[in-house]
Amino acid sequence: MSDRSGYSQVTTFVGRDRELAEVIGLLADPNCHLLTLVGQGGVGKTRLALEVINGLPEATFPDGIYVAFLQPLTSPDFILSALADALNFSLYGDEAPKTQLINYLRNKRLMLVLDNFEHLLDGLELLPEMLEAAPDVKLLVTSRERLKLREEWVFNIDGLVYPKDEPRPSTDRYEAVELFVQNSRRAGYTPSESDGEAIALICRLVEGVPLAIELAAAWTRILTCTEIAHEIEQGLDILTSNLRNILDKHRSMRVVFEHSMALLTEAEQAAFRRLSVFRGGFRREAAQAICGVNLDTLAALVDRSMLRVDGGGRYDLHELMRHYGGELLEAADEEAEETKDLHCSFYTGFMRDQWPRLSGSEIKAALTEISAELDNVRTAWKYAISHHKNKEIEEALRSLWFYYGVGIRYQEGVQIIGSAVPAFIDSPSLYGKLMARWGELTFLAGSPEKSEKILQESLRVLQQTEVHDEIAFVLYRLALLSLNTSDDLSETPGYLEKSLALYTELDDQFGRGEVLLAWGEYKWCQYIEDGREGALEQAQQYLVESLAAFQRRESVFGTAGAHMGLSIVAALVKGYDRAFEHIQISRAIFHDLNIGWGINWSLVQEGYTAYKVGDVATARLCVLRNLQFNLERGLGRKQYDAQFTTELVLNGLHVGASILMDDGQSEKSYELLGFISQQSFSLRRLFSPSYFFLLPLLDEDLPAHLAAAVDRGRRRDLESVVNQVISDLSAIPLPVVAPPLVAADLLTERELEILRLTADGLNSREVAERIYLSVTTVRWYVRQIYSKLNVHGRAELISRARELELLT
């Protein structure tokens, strides 16, 4: 069930009791499958829809209520991905996205709110198809226009109730008056009784439209209510004389905006017009660089309610105002093109500047900033494509690809980057780079065969242009593709050797780290699959070199990956203490970066390692956390793509099958293995070696009851299996608690080493130099030591260590 608290609002919801009850009643009618809330801009359609959500009984939609905010979308092409995001459902593989979405909705009993649909009417055909395939799904749409579909029920929304003939209204009788008073107080003015007549006139002039009331109330900071009413009266004659005409009511908001614009200086008007180029908000630096708008002008526009600003210094225009400003900008041809061009250059340059941060120590901040600016980046990217701006596309490409990859937004990445490919086919270097990123994201999205064709074409083009860093990139991606999807790994070493040589020649430490990590994976796979002698020692060497390369680059992301690789090799050679140390470091980084698949990976690996060392309690806990983590997030839907996350879940299920087997629940274990055997493991070699150790059991001549269990498992779906395993593992009694550890067992050998060096007076950098670790890693160890010994400072640490005789 979706969490309704996410749709709660900060400001008080004023009035609408009648509308709220009627809409909820209509949604309860079994014949109503598509209900459209229709009204002019600013009338409060979205707010009413969100209040409807919170007013519905919990049991009405057992599969949840979800909201798709469509306002930022620039094309109907993005409707499918927006709906999938809202439903926490990932689109992947070769099957048509529409088919995937419709199949997902079958047999669901849920409501989907589609907010601000009016600019996406070319994509309407999807809605009847959804309803035909999923008769228990209901759609609540907000739009300025009727959808004009056979299935549509329409609920018209007018303004708030306002006093039509009462000169001095009270706030408890009229919603519009209450809203005006509330917003006046927020602006710093408390209306008096003598303002009643003017307030009533204002509410009548704007017909109770909430946005217009808010705009009017904002002027109470500098104008009296009578002056406000007089000013509006001069500009809203058409509204007063044409109350029943919908088009004229739409024009009334335009008049309000024109009135607001007329009160600005010419410089402020130009600023507002240019600021409409932004999507999803902006920061003052962008306003200055793109629109030439300084802080004083921004402040003036905020004061006049033409702009909003949040506590973090991010500005935004109400979408209606942005549309209005956009129309004014388009009317100024040269100014429009210049502003859009500057916007494009600014945000592609912004993405260019993120790459050193993404591949280095500032990845967390960079990912956060890109997320905040993503709508602007998309707009800039689209403009650069349409205007054939090679330089701008090239500047944005690497960071955009990385963002979509790390954030597991593969389908959108495939669409965004793939859309640029045809436009630059006559520019071989850029074409090859685009193909390379498009190809890798295509693989991650679940289409390895298509990916290989794209990557091979990219390699062919790039080899003609001799762009060595890009050739290295493609060779490495072809190696990963081979390593994780092919039964024959004969081509993998050749790709890795050539890629590593090029990255080494270029002194690209991030690239070297990635390739060396893949070399380590290749070597541990050789050991697992055919027992290759010396393979684990070689894997260890490659991974140590990978970690060193990432640390030289100060790559936080790469460091986490290298530690996970080292944990796998350590577990394979039964160095379980070292394996746990590497896992803990990696998990701490992934948690800090909020990278869900990394957290998943560490849970799976810790569970596997704990099981191998005989710590069933920890293994069970890790598997449960892994499964619950993903169940809460929709088992790979939305941000956590199914191709990555589902495979991590499946590897966790391997450990769960082992635990059930050891507990004597062999039928449940074999049923689980039967399910796993039917799944696709494109990335099986990367995430966990546990894949290779249990499935061979299915090749044996099984007794009838176990064969039947395997057959049952092959017919089950992922969600039911995960829920069943959570239930089964939770029911297994915990083992008897072991005796308390002696003091020396509190810390690992590495932690004891760092503790003693710290006690000798060395700081973190000096410790790092002494034992050949990065400063970041040493600081992580120190935090772990503080936590384990329950101390908060160096003096307390040394005292506690002496007390426990840890310094001898």
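Up top is the structure these notes are about.
Only a predicted model underlies this, so the values are computations on that prediction, with no experimental measurement involved. (Residues numbered from 1 in each chain as written. Predicted model: local features only at pLDDT ≥ 70, side-chain atom pairs only at ≥ 80, totals over all residues. Heavy atoms only, no water.)

Novice: For this particular structure, what's the right way to read the overall build of the protein chain?
Specialist: The helix and strand inventory of the protein chain stands at 39 helices and eight strands. Looking at the protein chain residue by residue over its 808 residues, the buried ones come to 56%. Partitioning the intrachain contacts of the protein chain with sequence separation of at least 6 by distance along the chain shows that 70% fall at a separation of at least 24. For the protein chain, the exposed surface amounts to about 35200 Å²; the carbon and sulfur share of it is 48%. (Helix = DSSP H or I, 4+ residues; strand = E, 2+ residues; numbered from the N terminus. Buried < 20%, exposed > 50% of the residue type's maximum accessible area, 1.4 Å probe, protein only. Contact = heavy atoms within 4.5 Å. Areas by Shrake-Rupley, 256 points an atom, 1.4 Å probe, with all protein chains shown as cover.)

Novice: I'm lost on the packing of aromatic side chains in this one. Help?
Specialist: Two measures describe an aromatic ring pair: the distance that separates the ring centres and the angle between the ring planes. In total, this model carries 17 aromatic pairs according to the counting rule given. Ring centres of Trp-355 and Phe-402 lie 5.5 Å apart, and the angle between their planes is 80°; on these two criteria the pair is classed as edge-to-face. Here Trp-355, found in helix α16 (residues 333-358), pairs with Phe-402, found in helix α18 (residues 390-406); they are 47 residues apart in sequence, far enough to count as distant. Here the two residues Trp-355 and Phe-402 agree in accessibility, since each one is buried. Arranged with centres 5.7 Å apart and planes meeting at 70°, the rings of Phe-510 and Phe-550 form a pair that is edge-to-face. With Phe-510 in helix α24 (residues 509-530) and Phe-550 in helix α25 (residues 535-553), this residue pair connects regions lying 40 residues apart in the sequence. (Phe/Tyr/Trp six-rings, centres within 6.5 Å; stacked < 30°, edge-to-face > 60°.)

Novice: Looking at this structure, I do not really get the pairing of strand β3 (residues 111-115). What am I missing?
Specialist: Each regular strand carries side chains that alternate between the two faces of the sheet. For β3, a buried count of five out of five residues is recorded, marking the element as mostly surrounded by other parts of the structure. Side chains Met-111, Val-113 and Asp-115 of β3 all project onto a buried face; the interleaved residues Leu-112 and Leu-114 project onto the opposite face, where all are buried too. Bridge analysis of strand β2 (residues 65-69) against β3 gives five bridges, and the strand direction is parallel. The residue of β3 that forms the bridge with Tyr-66 is Leu-112. Relative to strand β4 (residues 138-143), β3 is paired through four bridges, and the arrangement is parallel. In the sheet register, Leu-112 faces β4, and the bridge partner there is Leu-139. (Pairing = 2+ DSSP bridges.)

Novice: Got a minute to help me understand the side chain of Ser-75 in this structure?
Specialist: As for its position among the elements, Ser-75 is in the loop between β2 and α3 (79-86). Setting aside anything within four residues of it in sequence, one finds Ser-75 in contact with Leu-120 and Lys-382.

Novice: When you look at the nonpolar core in this model, what are you seeing that I'm missing?
Specialist: One broad trend across soluble globular proteins is that nonpolar side chains are buried collectively. Membership of the largest hydrophobic core comes to 211 residues, with the highest contact counts inside it found for Leu-275, Phe-282 and Trp-381. Residues Tyr-174, Cys-203, Val-206 and Ala-216 belong to the second largest nonpolar core, which totals 25 residues. (Core = buried A, V, L, I, M, F, W, Y, C linked by side-chain atoms within 4.5 Å.)

Novice: Can you walk me through the sheet that holds strand β8 (residues 314-316) in this structure?
Specialist: Spatially, the three strands line up as an open sheet ordered β6-β8-β7, and their pairing is antiparallel. Looking at strand neighbours, the two that pair on one side only are β6 (282-283) and β7 (308-309), the edges of this open sheet. Inspection of the sheet shows β6 paired to β8 by two bridges, in the antiparallel sense. When the sheet's bridge partners are listed, Arg-283 is paired in β8 with Arg-314.

Novice: How should the packing of helix α17 (residues 363-386) against α18 be read in this particular structure?
Specialist: Geometry of a packed helix pair, given as the angle between the helix axes and the separation of the axes. Where α17 meets α18, the closest approach of the two axes is 10 Å, and the angle between their N-to-C directions is 130°. For the element pair α17 / α18, the angle class is oblique. By crossing handedness, the relation of α17 to α18 is classed as left-handed. Contacts from Ile-363, Leu-367, Ile-370, Ser-371, Leu-374, Val-377, Arg-378, Trp-381, Ala-384 and Ile-385 in α17 reach Glu-392, Ile-393, Ala-396, Leu-397, Leu-400, Phe-402, Tyr-403, Tyr-404 and Val-406 in α18. Among the residues forming the contact of α17 with α18, the class breakdown is 16 nonpolar, one polar and two charged. (Axes fitted to C-alpha atoms, helices over the stretch in contact; angles between N-to-C directions. Parallel < 35°, antiparallel > 145°, perpendicular 65-115°, else oblique. Left-handed = near helix turned anticlockwise from the far one by under 90°. Nonpolar A, V, L, I, M, F, W, Y, C, P; charged D, E, K, R; others polar.)

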